[in-house]
Protein chains: 4
Amino acid sequence: MSTYILRIDCPDEKGLVHKITGVLYHHELNVLRNDEFVDRTSGHFFMRTEFSGECQEEKVVNALRGILPDTVTISLTTVQPKKVVLLATKEHHCLSDLLIRNAYKDLNLDILAVVANHDTLRPLVEKFNIPFFLVSAEGLTRVEHEAAVLSVVEGYQPDYLVLAKYMRILSAEFQSRFPRRIINIHHSFLPAFVGANPYRQAFERGVKIIGATAHFVNEHLDEGPIITQDVIPVNHSKTWQELAAAGRDVEKIALAKALKLVFEDRVFVKDNKTVVFE
Amino acid sequence: MSTYILRIDCPDEKGLVHKITGVLYHHELNVLRNDEFVDRTSGHFFMRTEFSGECQEEKVVNALRGILPDTVTISLTTVQPKKVVLLATKEHHCLSDLLIRNAYKDLNLDILAVVANHDTLRPLVEKFNIPFFLVSAEGLTRVEHEAAVLSVVEGYQPDYLVLAKYMRILSAEFQSRFPRRIINIHHSFLPAFVGANPYRQAFERGVKIIGATAHFVNEHLDEGPIITQDVIPVNHSKTWQELAAAGRDVEKIALAKALKLVFEDRVFVKDNKTVVFE
Amino acid sequence: MSTYILRIDCPDEKGLVHKITGVLYHHELNVLRNDEFVDRTSGHFFMRTEFSGECQEEKVVNALRGILPDTVTISLTTVQPKKVVLLATKEHHCLSDLLIRNAYKDLNLDILAVVANHDTLRPLVEKFNIPFFLVSAEGLTRVEHEAAVLSVVEGYQPDYLVLAKYMRILSAEFQSRFPRRIINIHHSFLPAFVGANPYRQAFERGVKIIGATAHFVNEHLDEGPIITQDVIPVNHSKTWQELAAAGRDVEKIALAKALKLVFEDRVFVKDNKTVVFE
Amino acid sequence: MSTYILRIDCPDEKGLVHKITGVLYHHELNVLRNDEFVDRTSGHFFMRTEFSGECQEEKVVNALRGILPDTVTISLTTVQPKKVVLLATKEHHCLSDLLIRNAYKDLNLDILAVVANHDTLRPLVEKFNIPFFLVSAEGLTRVEHEAAVLSVVEGYQPDYLVLAKYMRILSAEFQSRFPRRIINIHHSFLPAFVGANPYRQAFERGVKIIGATAHFVNEHLDEGPIITQDVIPVNHSKTWQELAAAGRDVEKIALAKALKLVFEDRVFVKDNKTVVFE
């Protein structure tokens, strides 16, 4: 008997939970965990159900479609590791953490390949017997470089792309191939600092907390729907290089937390925000 | 149209959510928020539903009883401030925070009275026009003192007793008058320290984190079901008195968080643990 | 025998600690705690020393001036509560916390008066027998209103002004009367939100952490040197009003922490950052 | 010009800072950072100074000995990676984090070898070209097993032993070979749980926070001087296995923080507590 995850989101109306759980009940499925949320501002309904039993998937989905609004989004899957391609540049901290977690299966994750625009991280990746592709941007236009990256990535048909400190901006065209399926991590500060070397700016401002935000990538750079955020306290005695080192630790933790949530199908995206059933 | 909170807990079985939401749907009630949890270890089901509509409370509860296991616990209430009596001794930090929150209605709370075994806090309490009762323990046995406290408390028929740094141990007999309705706050450490002056012991051990636990009182002193816990970092430079001062700040915050949760009917107790729908 | 606090900051040069502690040693003063920091980026030296003994203050300061760079800033004081005037508007959460702490002397603080541009908080303030002054801004230009506030404030000759949710912007002229002596608290987010109702923006963006920053006021609104920052986790289920309520709790805590540090003379300001000897 | 770290601890007396900095000043050494602390309870003085310059180490130490109490402990070293042997069993989470940090030199650490009582982690360790020694305990008495471990360890003359989830208790005799040079990590809870499977106990108690403590090993198992502690929030929805997984993440972070501090010579031990100059 498999475990299934059912995800539904649609405009809210009376009786949704009753109707949905009715379908599961009549198919004699056994609900293990159920989370719903109605965003009253947008009037939108979100539901995630884990159940077990003998499930004829197509029949259940059809039965649900029959009783739910036309605009509903339904997914019904068994629990399986998500197929992921990582994009990286030179920094190892997020990548190495994910390679270790992949090796020991402590995220619901199957890393298919790493694509990087520098060769720096090849020895690390190859230690873990993961294919490493160098796609240098040198001498290429952005369009050409993205096409080259895409040709490697698409060969793997990943569920998700994870930007493990990939230091290049992805075009809207590239993103449109993986809507809500590209996840990025970047440093965050209170207040925010715009421009070059934000850690130096944070140092000069004497910030007392630095953080990291993991988010889905959208057309607005670093401003897609937030999945997780994390912070650590710092003080005046840290140089900006030490702030950056502390920032790397918090980045790797925030990214791992976000991927755990996304890869367990706990995250919904609606407009520019996420609903996360932890 | 009022807002109602329905709380149900019972042994788990197939179809519970479907059946319960069916009752609400057929009474044309509008579910605003729904939380369920099944503790798979104990096989127990917990559900909290906020709904609005024209509700004939008795009819709805009867309909629910008709379809749920005999051992079910059901409560259905409108959202109303909880009536509370506070017990205190000499320390003001939790009491003053609650008096302010009561005055500005930022907890779902109506403080009816404060009972203390010392007179120290009378001026503070009376500033806020709350009745203050001194029930000194001097010259009394514990049985006599508790009887005197009880006679004051029971006059108010409170929903909850809150021990806002009440430094006396309540007997099992006293507790049995308010099962799962007495809430306490106490300091917590990693590791735990047993015996007199735990802050001094924490100082001598050089702990780096101190905390506080808000919990329901049960027969095992300071070991009832945990509602909230909170911590703050400390370091070697703090004297034990400074550790204690830091501890007071974290106690008042943890207690306020716990009361917010309990007084919004978000906390279930089963055996020695809580289920908290935040 | 009193306890003294000596604060020195000046451009760094070799031997400063040796020279300074030499003066204390030769006056037979007993160092209880010593903190120094050299900001290597700016080449600036900061030192805070607590000592006890029979101290002829003028002689000690003169001896220090004789051996330190001309541009040195020296202060030598006994430990005394700071005289403070609070400015407020309508929100009580920071003000009430400070009134309680003042009443129980758990900050090194003596609140002389509260000045507000609305009458809302008068009953609260008067409970604690602190003078409350309404200086309404209605019908006044900013210059006229600030002059009226100033005439009340200056009558008290406070060491510090604390803006306990004072919702008006202070002009550069007003600020110049209290350089580095005005402390403000405001909400903070990752990322930052500019414009009206930042909590609503934070809600729409689905932020997972909200925070507060206590800082000295300077000519750049909300961008003066940061003293403390604090955060709390939130999630998608909070309305923006609930985010704002959570924000108020973190504001009151961050402000109290900042005032503890400043009023114990632990905070230095240099350029746009602080050095904080916790 | 090298950077040096001078560490001094001795009974407190007047003028220590002045005398010590005098020696540095007269040798024309340039103090970069200075931290002192006097534990007033024990009357003990701790000082850590970073300085640069042309340092004749023996001369400086002799000059310091000449002016300091007989019982002083002085160490003067250049900044060099600490030579470390890791002891492990089967769990990878702390070990892999340290192997990565070692490979990228982001702790002041040089891992010489890993010794384990199971062969599970060999492939991981050998990926990083670190010698791996299996010293099985099967069929050996504890004395025999420890002797076998010791013979491997001592061949490397490490500065520190780090127990990266080494699941065996070290005898007092073994410990005495590495006084204050063995560092351990273990889970921590509020409240503490004694006995088998503490995560299961924490689950049954419904704890809301779990943590980890990194500490020096002493004769009292898991009760040596604490270096760092860290916590994460959890809730009722986690199984005990999920609590344990969350615990592993906090263990690896707390251990890395502790090692950073110890390996930068920022940690003093006195009696059963540490003084940590962060």
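Residues numbered from 1 in each chain as written. Chains lettered and ligands numbered in written order. Predicted model: local features only at pLDDT ≥ 70, side-chain atom pairs only at ≥ 80, totals over all residues. Heavy atoms only, no water.

### Brief notes about the side chain of C:S96
Part 1 of the argument: Summarising the element assignment, C:S96 is placed in helix α3 (residues 93-103).
Part 2 of the argument: Among the residues examined, C:S96 registers a relative accessible area of 2% and is labelled buried.
Part 3 of the argument: Not counting residues within four places of it along the chain, the set of residues in contact with C:S96 comprises B:I100 and C:L124. (Helix = DSSP H or I, 4+ residues; strand = E, 2+ residues; numbered from the N terminus. Buried < 20%, exposed > 50% of the residue type's maximum accessible area, 1.4 Å probe, protein only. Contact = heavy atoms within 4.5 Å.)

### Quick notes on the environment of A:L163
Part 1 of the argument: Residue position: A:L163 is located in strand β8 (residues 160-163).
Part 2 of the argument: If we ignore the near neighbours within four places in the chain, the residues touching A:L163 are A:L87, A:L170, A:I182, A:I183, A:N184, A:I185 and A:V217.

### Remarks on the state of the cysteines
Part 1 of the argument: Inspection of the entire model under this criterion finds zero disulfides over all chains.
Part 2 of the argument: Just so you know, B:C94 is unpaired, no disulfide at all, and the nearest cysteine sulfur is the one on C:C94, 19 Å from it. (Disulfide = S-S within 2.5 Å.)

### Let's talk about the interface of chain C and chain A
Part 1 of the argument: The partner chain A presents 34 residues to the 34 residues of chain C that form the contact.
Part 2 of the argument: For the pair chain C and chain A, the two sides together bury roughly 2800 Å², of which 60% comes from carbon and sulfur.
Part 3 of the argument: Of all residues in chain C, C:L190, C:R205 and C:H236 bury the most surface against chain A, accounting for 27% of the area lost on that side.
Part 4 of the argument: At the boundary of chain C and chain A, one finds zero salt bridges. (Buried area = accessible area lost by both parts, 1.4 Å probe. Salt bridge = Lys/Arg side-chain N within 4 Å of Asp/Glu carboxyl O.)

### Some points on the sheet that holds strand β8 (residues 160-163) of chain D
Residues and elements named next belong to chain D.
Part 1 of the argument: Reading across the sheet, the seven strands line up as β7-β6-β5-β8-β9-β10-β11 and stay open at both edges, with mixed pairing between neighbours. At either end of the open sheet lies a strand with only one pairing partner, and these are β7 (132-134) and β11 (226-233). Taken over all neighbouring pairs, the strand axes of this sheet differ in orientation by 25 degrees on average, direction set aside.
Part 2 of the argument: With seven bridges connecting them, strand β5 (residues 82-88) and strand β6 (residues 109-116) associate as parallel partners. Along β6, the bridge assignment pairs K82 with L109.
Part 3 of the argument: Along the sheet, helix α5 (residues 142-156) makes contact with β5, β6, β7 and β8, crossing β6 at roughly 165 degrees.
Part 4 of the argument: The strands touched by helix α8 (residues 240-263) are β5, β6, β8, β9 (182-189), β10 (209-216) and β11; relative to β11, the strand with the most contacts, the crossing angle is about 150 degrees. (Pairing = 2+ DSSP bridges. Axes fitted to C-alpha atoms, helices over the stretch in contact; angles between N-to-C directions.)

### Observations regarding the relation of the copies chain D and chain C
Part 1 of the argument: Rotating chain D by 180 degrees and translating it 0.0 Å along the rotation axis places it on chain C, where the RMSD comes to 0.0 Å. Here the symmetry operator amounts to a two-fold rotation axis. Using C-alpha coordinates, one finds that chain D approaches the rotation axis most closely at D:H18, a distance of 2.4 Å.
Part 2 of the argument: Interface overlap between copies: 100% of the residues of chain D at the interface are likewise at the interface in chain C, consistent with a symmetric, same-surface contact. (Least-squares fit on C-alpha atoms with pLDDT ≥ 70 in both.)

### Description of the relation of the copies chain C and chain A
The second copy of the chain is related to the first by a rotation about an axis and a shift along the axis.
Part 1 of the argument: Mapping chain C onto chain A leaves a residual RMSD of 0.0 Å; the transformation is a rotation of 180 degrees accompanied by 0.0 Å of translation along its axis.
Part 2 of the argument: The share of interface residues of chain C whose copies in chain A are also at the interface is 100%, consistent with both copies meeting through the same surface.

### Quick look at the interface of chain D and chain C
A common measure of how large an interface is: the accessible area buried when the components associate.
Part 1 of the argument: On the side of chain C, 18 residues touch chain D, which itself brings 18 residues to the contact.
Part 2 of the argument: For the pair chain D and chain C, the summed buried surface comes to about 1700 Å²; carbon and sulfur atoms form 54% of the total.
Part 3 of the argument: Among the residues of chain D in contact with chain C, D:K14, D:H18 and D:Y25 are the three that bury the most area, contributing 36% of the side total.
Part 4 of the argument: Here chain D is connected to chain C by two salt bridges.

### Thoughts on the domain arrangement of chain A
Part 1 of the argument: By the assigned domains, chain A splits into domain 1 (3-78), domain 2 (80-160 + 167-175) and domain 3 (179-278).
Part 2 of the argument: Summarising the inter-unit geometry, the C-alpha centres of domain 1 of chain A and domain 2 of chain A are found 34 Å apart. (Domains from an automatic or database assignment.)

### Structural notes on the confidence of the model for chain A
Part 1 of the argument: The share of residues in chain A with pLDDT of 70 or more is 99%, and the mean pLDDT across the chain is 94.
Part 2 of the argument: As scored by the predictor, the complex reaches a pTM of 0.95 and an ipTM of 0.92. (pLDDT = per-residue confidence, 0-100.)

### Focus on the environment of B:L109
Residue and element names in this part refer to chain B.
Part 1 of the argument: For L109, the location among the structural elements is in strand β6 (residues 109-116).
Part 2 of the argument: Residue L109 is classed as buried on the basis of its relative accessible area, which comes to 7%.
Part 3 of the argument: If we skip the residues at most four places from it in the chain, L109 touches P81, K82, V84, L98, N102 and F263.

### Description of the pairing of strand β3 (residues 44-53) of chain B
All names here are of chain B.
Part 1 of the argument: β3 sits mainly inside the fold: 10 of its 10 residues count as buried.
Part 2 of the argument: A two-sided burial pattern is seen for β3, the buried positions comprising H44, F46, R48, E50 and S52 on one face and F45, M47, T49, F51 and G53 on the other.
Part 3 of the argument: In the sheet, strand β1 (residues 2-11) pairs with β3 via 10 bridges, with the strands oriented antiparallel. For P11, the partnering residue across the bridge sits in β3 and is H44.
Part 4 of the argument: Sheet analysis places strand β2 (residues 30-39) next to β3, joined by nine bridges and oriented antiparallel. Within β3, the position partnered with E36 by the bridge is M47.
Part 5 of the argument: Hairpin connection between β2 and β3: a loop of four residues separates the two successive antiparallel strands, and G43 in this loop has a positive phi of roughly 65 degrees.

### A few points about the pattern of salt bridges
Part 1 of the argument: Counted by the stated rule, this structure contains 67 salt bridges over all chains.
Part 2 of the argument: Measuring nitrogen to oxygen at the nearest pair gives 2.9 Å for the salt bridge that ties A:R33 to A:D35.
Part 3 of the argument: For A:R33, a relative accessible area of 17% puts it in the buried group.
Part 4 of the argument: On the basis of relative accessibility, which here comes to 14%, the residue A:D35 falls in the buried class.
Part 5 of the argument: Across the salt bridge formed by D:D97 and A:K252, the nearest N and O atoms sit 2.9 Å from each other.

### Side note on the UniProt feature "domain: ACT" (unreviewed entry) in chain A
Part 1 of the argument: Using the residue numbers shown here, the UniProt feature "domain: ACT" (unreviewed entry) corresponds to residues 5-84 of chain A.
Part 2 of the argument: For residues 5-84 of chain A, the helix share is 28%, the strand share is 44%, and the end-to-end C-alpha distance is 19 Å. (UniProt positions renumbered as here; feature names shortened; annotations may be inferred.)

### Quick word on the sheet that holds strand β8 (residues 160-163) of chain B
Residues and elements named next belong to chain B.
Part 1 of the argument: The seven strands are arranged β7-β6-β5-β8-β9-β10-β11 in an open sheet whose pairing can be described as mixed. Both edges of this open sheet fall to β7 (132-134) and β11 (226-233), since each of them pairs with a single strand only. When the angles between neighbouring strand axes are averaged without regard to direction, this sheet yields 25 degrees.
Part 2 of the argument: Sheet topology note: the strand β9 (residues 182-189)/strand β10 (residues 209-216) ladder contains seven bridges and is antiparallel. Bridge pairing in β10 places I185 opposite A214.
Part 3 of the argument: Of the strands in this sheet, β5 (82-88), β6, β8 and β9 touch helix α3 (residues 93-103), which is tilted by about 150 degrees from β6.

### Digging into the packing of helix α1 (residues 16-26) of chain B against helix α2 (residues 57-67) of chain B
Residues and elements named next belong to chain B.
Part 1 of the argument: Packing of α1 against α2 leaves a shortest axis separation of 10 Å and a crossing angle of 155 degrees. In terms of orientation, α1 lies roughly antiparallel with respect to α2. The way α1 lies across α2 gives a crossing that is right-handed. On α2, the residues touching K19, I20, V23 and L24 of α1 are V60, A63, L64 and I67.
Part 2 of the argument: In terms of residue class, the contact of α1 with α2 is made up of seven nonpolar, no polar and one charged. (Parallel < 35°, antiparallel > 145°, perpendicular 65-115°, else oblique. Left-handed = near helix turned anticlockwise from the far one by under 90°. Nonpolar A, V, L, I, M, F, W, Y, C, P; charged D, E, K, R; others polar.)

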